[in-house]
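Topology and contacts: notes
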Amino acid sequence: MSITEQHTRVACDRRILNLGCGYKTSDDPSVVNIDWGIYQRLAKSRVARRVAPVLIGKVRAQRLAALGDNMLVHDLSKGIPAQDASVDAVYHSHLLEHLDRPVAEGFMREILRVLKPGGIQRISVPDLEAAMRAALADLEREEGDHDVYVAAILEQSVRREAHGTSLQSRPRRFIENRILGDARKRGETHQWMYDVKNLSQLLRRTGYVDVRRVTFDESSIEGWDGFGLDRGEDGGEYKPESLYVEARKPG
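The following paragraphs examine the structure supplied in this document. (Residues numbered from 1 in each chain as written. Predicted model: local features only at pLDDT ≥ 70, side-chain atom pairs only at ≥ 80, totals over all residues. Heavy atoms only, no water.)

1. A few points about the overall build of the protein
When helices and strands are counted, the protein shows 10 helices and 7 strands. Looking at the 251 residues of the protein, the share that counts as buried comes to 41%. (Helix = DSSP H or I, 4+ residues; strand = E, 2+ residues; numbered from the N terminus. Buried < 20%, exposed > 50% of the residue type's maximum accessible area, 1.4 Å probe, protein only.)

Encoded structure:
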């Protein structure tokens, strides 16, 4: 058996879920990318893939074309499509803050259900502590637009129009808002924010152990950095100013 065949076999023996993946997917055979977004639904339709470039614009069409094949189109509000204790690791990035707090607790318990004993949950969220410290530090400066720092905390909680739609031409904005709804309807607004303290408390409260803060390129998940999910195209951190926390299901 070649080294490549051995790696593929080991990878396929593991199962890692990338929940709410958006267009940030991994083509590693051990990763299943799951989302219910418009890109995923378009990607699963052969007809939609052909007409999408005309309807959604060049940049969005490039994102659509970049989606991998190991992708599952599924509405996570209906639960995670996996059996009890069947998954080695679960990852989600900038998803948890979009859930109402009672829903977030249920989501943590649903992930606990599908993880194997000793399995790892890895979470990336906007770092509330970093945003607050930056805003406080800016209070000491006389010049500059302080609202930039306030926006880092509040803007996405009060946003009315989806960001992607706001960048389109006026006719396209009108059509998208009428068909897809506002930012909250699309699940784009933040319903809560997390720092290392309240996120750790949430994890412990819902049954996890060994909660710890990590960096974007550090993980207890074997081979994590090679999946590229927390790295951008330039090789650096994909979403700077993020908080990364991992926790285990009790063994």
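2. Considerations on the environment of isoleucine 120
Structurally, the position occupied by isoleucine 120 is in strand β5 (residues 115–126). Among the residues examined, isoleucine 120 registers a relative accessible area of 7% and is labelled buried. Sequence separation between isoleucine 120 and arginine 248 is 128 residues, and the spatial gap between their C-alpha atoms is 4.6 Å. Ignoring sequence-local partners within four residues, the contact set of isoleucine 120 consists of Asp88, Ala89, Val90, Leu115, Ser220, Ile221, Glu246, Ala247 and Arg248. (Contact = heavy atoms within 4.5 Å.)

3. Section: the side chain of glutamine 121
Within the fold, glutamine 121 resides in strand β5. Of the polar contacts made by the side chain of glutamine 121, one reaches the side chain of histidine 92; its length is 2.7 Å. For glutamine 121, the side chain forms a polar contact with the side chain of tyrosine 208, separated by 3.1 Å. Discounting chain neighbours no more than four positions away, the residues touching glutamine 121 are Val90, His92, Met108, Ile111, Leu115, Leu203, Tyr208, Val245, Glu246 and Ala247. (Polar contact = N/O pair within 3.5 Å; in protein donor to acceptor, adjacent residues only side chain to side chain.)

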